[in-house]
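One letter stands for each residue in the lines below.
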Amino acid sequence: MMRYLIFCLFLFAGCLDDNRSPEAALKDFIEIRIGNIVTRSSLVEKVTGKMRQSLENVSDDEFQKFADLRNVKKDSFKILSKSCQQETCFLTYSISYKTKIEDKDAFTSEVKKIAELNMVEGKWLIADVTNIKTYHESLEAINALQ
């Protein structure tokens, strides 16, 4: 009985959506973005600083282009390094994904980035993301005339 209670407690704790670690906050941000359409409010609650200002100030048309990633499928996500102080953390990570065009894989991409996360009111929020390296590979010949 005690084992069952402890198991349920761990299971419940794992389902809570509070970003107790910077890695969990970053992973959550990526999970809601890739393969989905997101709302401005759902992103604004996960960011702070420059990222928040950018999201709040971008036009509705530009945000709609940014928010729709239904044609993207994540292949992998890896945190490569972590450098943290008390309330600021820098995570270097890589993400690889496929981009579909007309239900067919058109590109594979691998991107290496650095995310700055800040602790705000007990939650880790993304303050800024910097691209380090981007690699795109076309899975089909590119027609320059189109």
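Heads up: these notes are all about the structure in this document.

So, how was this worked out
Residues numbered from 1 in each chain as written. Predicted model: local features only at pLDDT ≥ 70, side-chain atom pairs only at ≥ 80, totals over all residues. Heavy atoms only, no water. Phe/Tyr/Trp six-rings, centres within 6.5 Å; stacked < 30°, edge-to-face > 60°. Helix = DSSP H or I, 4+ residues; strand = E, 2+ residues; numbered from the N terminus. Buried < 20%, exposed > 50% of the residue type's maximum accessible area, 1.4 Å probe, protein only. Salt bridge = Lys/Arg side-chain N within 4 Å of Asp/Glu carboxyl O. Polar contact = N/O pair within 3.5 Å; in protein donor to acceptor, adjacent residues only side chain to side chain.

### Considering the packing of aromatic side chains
Phase 1 of the analysis: In the structure shown here, the tally under the stated rule is two aromatic pairs.
Phase 2 of the analysis: With a centroid separation of 6.1 Å and an interplanar angle of 50°, the aromatic rings of F63 and F66 are classed as tilted. In this pair, F63 and F66 are both assigned in helix α5 (residues 60–67), three residues apart and thus about one turn of the helix distant.
Phase 3 of the analysis: Judged by relative accessible area, which is 35%, F66 ranks as partly exposed.
Phase 4 of the analysis: Ring geometry for F77 against Y93: centres 5.7 Å apart, planes inclined by 55°, an arrangement best described as tilted. With F77 in strand β1 (residues 72–84) and Y93 in strand β2 (residues 88–101), the pair connects residues that are 16 residues apart, well separated along the chain.

### With respect to the pattern of salt bridges
Should the charged atoms of two oppositely charged side chains come close, the side chains can pair.
Phase 1 of the analysis: By the definition in use, this model includes nine salt bridges.
Phase 2 of the analysis: Across the pair E23 and K82 runs a salt bridge whose closest N-O atoms are separated by 2.8 Å. Of the two residues, E23 sits in helix α2 (residues 22–33) while K82 sits in strand β1, which places them 59 residues apart along the sequence.
Phase 3 of the analysis: The class for K82 is partly exposed, based on a relative accessible area of 48%.
Phase 4 of the analysis: The residue K46 makes a salt bridge to D28 at a minimum N-O spacing of 2.7 Å. Pair noted here: K46 is in the loop between α3 (40–44) and α4 (49–57) and D28 is in helix α2, with a separation of 18 residues, a long-range link. Considered together, K46 and D28 belong to a single accessibility category, that of buried residues.

### Here's the deal with the side chain of S96
Phase 1 of the analysis: Structurally, the position occupied by S96 is in strand β2.
Phase 2 of the analysis: Note on S96: relative accessible area 13%, which makes it buried.
Phase 3 of the analysis: Side chain to side chain, S96 and S76 meet in a polar contact 2.7 Å long.

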